Amino acid sequence: RKILVLHGPNLNLLGVREPQHYGRDTLADINQRLQHRAAAAGFELTALQSNAEYVLVERIHQCLQDGTDFIIINPAAFTHTSVALRDALAGVKVPFIEVHLSNVHAREPFRQHSYFSDLAVGVICGLGAHGYELALAHALRHVATQA
Ligand code: DQA
């Protein structure tokens, strides 16, 4: 049973980047907590951050071979731009939750459109790093009930 967590561009800067929007936790802090929780539930969790669209697209394609059951993705700025990432997720048909640390609806208008939300099982935004943990809790349940 496998969960994949994907983090889009600039999320490697978490902890130092605009903490008023994104909080103080680093990406390593977030990934560690998720790993811990997934392992406790008997799941294997892999996390990948990339600033490059093609790396994320190719990692999503890999799900066709590696048996990934569920994806948690914060596409970051690609949320608002990437038809390619959207098509990759639609292509592999792995269920996913879209997560944003900040409440994108309370920010600039260009952040209010997502190329992902209509395909997602659900969307979590504005809850900071806790949003990933809530997404994982749901993913574990989702996979368990599908099996
Ligand atoms: C973000 C919101 C996006 O609009 C932004 O480009 C990000 C992070 C978030 O987690 O709040 O990089 O996805």
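The paragraphs below set out a description of the structure included in this document. Owing to the predicted nature of the structure, the values given are computational and were not obtained by experimental measurement.

1. Regarding the site of the ligand
- The environment of the ligand is made up of Asn-10, Asn-74, Ala-76, Ala-77, Thr-79, His-100, Leu-101, Ser-102, Val-104 and Arg-111.
- Looking at the shell around the ligand residue by residue, the classes come out as four nonpolar, five polar and one charged.

2. Some points on the sheet that holds strand β3 (residues 68-74)
- Taken in spatial order, the five strands of this open sheet run β2-β1-β3-β4-β5, and their pairing is parallel. A strand with exactly one partner marks an edge of an open sheet, and here the two such strands are β2 (44-49) and β5 (122-125). When the angles between neighbouring strand axes are averaged without regard to direction, this sheet yields 20°.
- Pairing analysis gives six bridges linking strand β1 (residues 2-7) to β3, with the strands arranged parallel. Residue pairing across strands places Leu-6 opposite Ile-73, the latter belonging to β3.
- Sheet contacts for helix α2 (residues 27-40): β1 and β2; angle to β2, the most-contacted strand, approximately 165°.

3. Side note on the nonpolar core
- Core analysis: the largest hydrophobic core is formed by 35 residues, its most contacted members being Ile-3, Ile-72, Ala-135, Leu-136 and Ala-139.
- Mapped by element, the contributors of at least two residues to this core are β1, α2, α3 (53-66), β3, α4 (83-92), β4 (96-100), β5 and α5 (130-146).
- When sequence neighbours within four positions are dropped, the list of residues in contact with Ile-3 reads Ala-38, Phe-43, Leu-45, Asp-69, Phe-70, Ile-72 and Ala-139.

4. Observations regarding the environment of Leu-136
- Following the sequence through the fold, Leu-136 ends up in helix α5.
- Under the C-beta neighbour-count criterion, Leu-136 is labelled buried, with 24 such atoms within 10 Å.
- Other than its neighbours up to four places away in sequence, Leu-136 contacts Leu-34, Arg-37, Ala-38 and Ile-72.

5. Quick word on the packing of α2 against α5
- Closest axis-to-axis distance for the α2/α5 pair is 10 Å, and the angle between their directions is 20°. Classified by the interaxial angle, the pair formed by α2 and α5 is roughly parallel. Where α2 crosses over α5, the handedness of that crossing is right-handed. Together, Ile-30, Arg-33, Leu-34, Arg-37 and Ala-38 of α2 and Tyr-132, Glu-133 and Leu-136 of α5 make up the contact between the two elements.
- Considering only residue class, the contact of α2 with α5 consists of five nonpolar, no polar and three charged.

Cut-off values and rules
- Residues numbered from 1 in each chain as written.
- Predicted model: local features only at pLDDT ≥ 70, side-chain atom pairs only at ≥ 80, totals over all residues.
- Near = placed C-beta within 6 Å.
- Nonpolar A, V, L, I, M, F, W, Y, C, P; charged D, E, K, R; others polar.
- Pairing = 2+ DSSP bridges.
- Helix = DSSP H or I, 4+ residues; strand = E, 2+ residues; numbered from the N terminus.
- Axes fitted to C-alpha atoms, helices over the stretch in contact; angles between N-to-C directions.
- Contact = placed C-beta atoms within 7 Å.
- Core = buried A, V, L, I, M, F, W, Y, C linked by C-beta atoms within 7 Å.
- Buried ≥ 20, exposed ≤ 12 C-beta atoms within 10 Å, placed from the backbone.
- Parallel < 35°, antiparallel > 145°, perpendicular 65-115°, else oblique.
- Left-handed = near helix turned anticlockwise from the far one by under 90°.

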